[in-house]
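# Residue-level structure breakdown
One-letter residues, chain by chain:
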Amino acid sequence: MTAFWTEPDYDDHELVQLVHDRKSGLTAIIAVHSSHLGPGAGGTRFWHYPDPKDAIRDALRLSRGMSYKNAMADLPMGGGKAVILADGDRTKNADMIAAFGDAVDALGGKYVTAEDVGITEADMVAVAERTKYVSGLPVEGEEAAGGDPGPFTAMGIYHGIKAAVRHKLGKDDVDGVHVAIQGTGSVGGGVARLLAKDGAKLTLSDINEDRVVALASELDAEAAAPDAIMGVSCDVFSPNALGAILDDEGIARLDAPIVAGGANNQLARTHHGARLAERGILYAPDYVINAGGIISVTMEYLCRTEGNPCDINEVRKRIAHIPGRLEQIWQESDSTGISPDMVADRMAQKLIGR
Ligand code: NAD
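These notes cover the structure that comes with them. (Residues numbered from 1 in each chain as written. Predicted model: local features only at pLDDT ≥ 70, side-chain atom pairs only at ≥ 80, totals over all residues. Heavy atoms only, no water.)

## Quick look at the overall build of the protein chain
Put simply, the rule reads: Numbering of helices and strands starts at the N terminus; helices are DSSP runs of H or I of at least 4 residues and strands are runs of E of at least 2. In this treatment the radius of gyration is a C-alpha quantity, and the globule benchmark scales as 2.2 Å times the residue count to the 0.38 power. Classification of residues uses two cut-offs on accessible area relative to the type maximum, computed with a 1.4 Å probe and protein chains only: under 20% is buried, over 50% is exposed, and between them is partly exposed. Throughout, a residue-residue contact means that at least one pair of heavy atoms, one from each residue, lies within 4.5 Å. In these tables, accessible area is a Shrake-Rupley quantity obtained with a 1.4 Å probe, and a residue counts as shielded only by the protein chains included in the view. Neither His nor the chain ends is counted toward charge; the positive residues are Lys and Arg and the negative residues Asp and Glu. Note that the charge is assigned to NZ on lysines, CZ on arginines, CG on aspartates and CD on glutamates.
A tally of helices and strands in the protein chain yields 13 helices and twelve strands. By the compact-globule yardstick of 20 Å for 354 residues, the protein chain fits well, its C-alpha radius of gyration being 20 Å. Principal-axis analysis of the C-alpha atoms places the extent of the protein chain at approximately 60 × 45 × 40 Å. Looking at the protein chain as a whole, 52% of its 354 residues qualify as buried. A fraction of 65% describes how many contacts in the protein chain between residues 6 or more apart in sequence connect residues 24 or more apart. Here the protein chain displays about 15,300 Å² of accessible surface, and carbon together with sulfur accounts for 48% of that area. With 34 positive and 51 negative side-chain charges, the protein chain shows a spacing of 4 Å between the two charge centroids.

Shown next, in the form of structure tokens:
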């Protein structure tokens, strides 16, 4: 492995391990950024990296992101991430997944894994046959924590949008508030349904035309073309599809006083948080508002391994704290003039003792 500690994304990570298993062909990197609040927790990505340096960068950057996200969600977990380096055909086999499970187990709980891009629930079930340090497993019954994180993520974003509307527009409900939603999949679709119940006016957009037409008709909402949604004149723009959409051009097109949505890594570059603030747009930091899913998945893990409460009400109770955290960020941003994304990063760093 190259000298990972010379990478710009290296941030005093506590552990960076290369895993290689000749028999199965597994090559993986496991990174733990911080275990200050608990074991390094974060998903495993199965991805083809033409340049292996990008795999190291992903493991470093994403594990730090998980430290911040778990800390801001008040979870007793640190930040970790694993990447499995796929070949060009993305061939995955059972021995590879088993070897990965053994590598996680060998760390003795320093790292707790879960699904991420390219890894299925079935893969995690196979990992769970080799180690108990795994979350995101299927659960039985609708009243249990865990299972599909999408609806829980949507619930947190719904609460976060209401908090943003209260903070920026001084309105206690979303009746008649116009929200433009980019992406109507698991998260965006869930947010749309919750807002529609409260009487919000919705404009929906998705590259999957059938999906957006069906949802618009179900909720009596407008549909907009994918290349038009960021310019819709509205009260809230809610990105729930792609990352890096808030770049110079995207921010210039926005015609909304609030950006609040679930997509990961919305800011193309760090300075775009300040750019939003300069335009007077209130931003809900993505990793704070979209933590509902990780809260549910973590509650499932702690219930299985530590005997913590694992009913859905505990998850709901914790998700209901997301607006309070956002309000704290916005108040500090208002009083210091520092953009909300930077305030959130600083709060997270303090929580993990950095
Ligand atoms: P999903 O695949 O269910 O939905 C994404 C939707 O976005 C799809 O319908 C897709 O067609 C649409 N889309 C893609 N490109 C688009 C574009 N250019 N314009 C409009 N629509 C577009 O995924 P999801 O689980 O709903 O996740 C959405 C986002 O939220 C992702 O960025 C994801 O990383 C993030 N996120 C998800 C969760 C979760 O619990 N699922 C948790 C945290 C963050």
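The discussion continues.
## Some points on helix 6 (residues 209–219)
This is how the line gets drawn: Think of it as the arc spanned by the lines of direction from the helix axis to the C-beta atoms. Polar contacts, as used here, are pairs of N or O atoms within 3.5 Å; protein pairs need one atom able to donate a hydrogen and one able to accept it. Residues neighboring in sequence count only if both atoms are side-chain atoms.
Along helix 6, the positions that sit buried rather than exposed are Val212, Leu215, Ala216 and Leu219. Down the axis of helix 6, the sector holding all buried residues measures 100 degrees, keeping them to one side. The exposed set on the far side of helix 6, more than 90 degrees from its buried face, consists of Glu209, Asp210 and Ser217. The N-cap residue of helix 6 is Asn208: its side-chain oxygen and the backbone nitrogen of Asp210 are 3.3 Å apart. Downstream of helix 6 by one or two residues, Asp220 has phi in the positive range, about 55 degrees.

## Overview of the sheet that holds strand 7 (residues 178–182)
Here is the rule we go by: A pair of strands is considered paired only if DSSP assigns at least 2 bridges between the two. Between N-to-C directions, angles cover 0 to 180 degrees, with each direction set by a line fitted to C-alpha atoms, over the stretch in contact for helices.
The six strands lie next to each other as 9-8-7-10-11-12, forming an open sheet whose pairing is parallel. Both edges of this open sheet fall to strand 9 (222–223) and strand 12 (282–283), since each of them pairs with a single strand only. One ladder, built from four bridges, connects strand 7 with strand 10 (residues 236–239); its direction is parallel. Looking at strand 10, one finds that Gln182 is bridged to Pro239. Along the sheet face, helix 5 (residues 186–197) touches strand 7 and strand 8 (201–205) and points at about 165 degrees away from the line of strand 7.

## What to know about the packing of aromatic side chains
Applied cut-off: Each Phe, Tyr or Trp ring (for Trp, its six-membered ring) is paired with any other whose centre lies within 6.5 Å, and the angle between the two planes then decides the class: stacked below 30 degrees, edge-to-face above 60, tilted in between. To sit over a ring, a charge needs its Lys NZ or Arg CZ within 6 Å of the ring centre and within 35 degrees of the ring normal.
Across all of its chains, the model carries three aromatic pairs by this definition. Here the aromatic rings of Phe4 and Trp5 are separated by 5.0 Å at their centres, their planes lie at 85 degrees, and the arrangement is edge-to-face. Measuring from centroid to centroid gives 6.1 Å for Tyr68 and Tyr287, while their planes differ by 50 degrees, and the two rings are tilted. With Tyr68 in helix 1 (residues 52–72) and Tyr287 in helix 9 (residues 286–289), the pair connects residues that are 219 residues apart, well separated along the chain. Classification of Tyr68 as buried rests on a relative accessible area of 10%. Judged by its relative accessible area of 14%, Tyr287 falls in the buried class. Taken together, the ring pairs connect Phe4, Trp5 and Tyr10 into an aromatic cluster. Here the guanidinium or amino end of Arg90 rests over the ring plane of Trp47, the centre of that ring lying 4.9 Å away. Of note, Lys92 hangs over the ring of Phe46, and the distance from its end group to the ring centre comes to 5.2 Å.

## Brief notes about the pattern of salt bridges
Here is the rule we go by: The term salt bridge refers to a pairing of a side-chain nitrogen on Lys or Arg with a carboxyl oxygen on Asp or Glu at a separation within 4 Å.
A complete count under the given rule lists 20 salt bridges for this structure. Here Glu314 ties to Arg318 by a salt bridge, and the two come within 3.2 Å at their closest N and O atoms. Here Arg318 and Glu314 lie together in helix 11 (residues 312–319), a separation of four residues that amounts to about one turn. For Glu314, a relative accessible area of 15% gives the class buried. By relative accessible area, which is 22% here, Arg318 ends up partly exposed.

## Digging into the pairing of strand 1 (residues 15–21)
Bridge count for strand 1 against strand 2 (residues 26–34) is seven bridges, and the pairing is antiparallel. Bridge assignment links Asp21 to a residue of strand 2, and that residue is Leu26. Between strand 1 and strand 2, which pair antiparallel and follow one another directly, the connecting turn spans four residues, one of which, Gly25, has a positive phi of 85 degrees.

## Observations concerning the pairing of strand 7
Definition in use: With the strands pointing away from the viewer, any crossover whose connection runs clockwise from the first strand over the helix to the second is right-handed.
Burial analysis of strand 7 places five of its five residues in the buried class, the great majority of the element. Summarising the sheet, strand 7 and strand 8 pair through five bridges and their orientation is parallel. Within the sheet, the bridge partner assigned to Gln182 lies in strand 8 and is Ser205. With helix 5 bridging strand 7 and the parallel strand 8, this β-α-β connection has right-handed handedness.

## A word on the site of the ligand
Stated formally: One heavy atom within 4 Å of a molecule or strand makes the whole residue count as near it. Throughout, the ten residues Ala, Val, Leu, Ile, Met, Phe, Trp, Tyr, Cys and Pro are labelled nonpolar, Asp, Glu, Lys and Arg are labelled charged, and all others, Gly among them, are labelled polar.
For the ligand, the set of nearby residues contains 21 residues, the closest of which are Thr153, Val187, Asp206, Arg211 and Ala241. One of the backbone nitrogen or oxygen atoms of Val187 is found 2.8 Å away from an oxygen atom of the ligand. Contacts to the ligand include Asp206, whose side-chain N or O atom sits 2.6 Å from an oxygen atom. Protein contact buries 72% of the 830 Å² of open area that the ligand shows by itself. The set of elements that each furnish at least two residues to the shell around the ligand consists of helix 4 (150–169) and helix 5. Within the shell around the ligand, the residues separate by chemical class into six nonpolar, twelve polar and three charged.

## Digging into the nonpolar core
The line we're drawing: By convention a nonpolar core is built from buried Ala, Val, Leu, Ile, Met, Phe, Trp, Tyr and Cys residues, the set being connected through side-chain atoms within 4.5 Å. These domain boundaries are the output of an automatic or database domain assignment.
Ranked by size, the top nonpolar core spans 85 residues in total, and within it Ile30, Phe100, Leu195, Leu202, Leu204 and Ile295 carry the most contacts. Of the residues that make up this core, three or more belong to each of domain 1 (4–67 + 77–128) and domain 2 (150–289 + 323–351). If near-sequence neighbours (up to four positions away) are discounted, Ile30 is found in contact with Leu15, Val16, Gln17, Val19, Lys81, Ala82, Phe100, Ala103, Val104, Leu107 and Tyr111. Cys234, Leu246, Ile281 and Tyr283 belong to the second largest nonpolar core, which has 17 residues in total.

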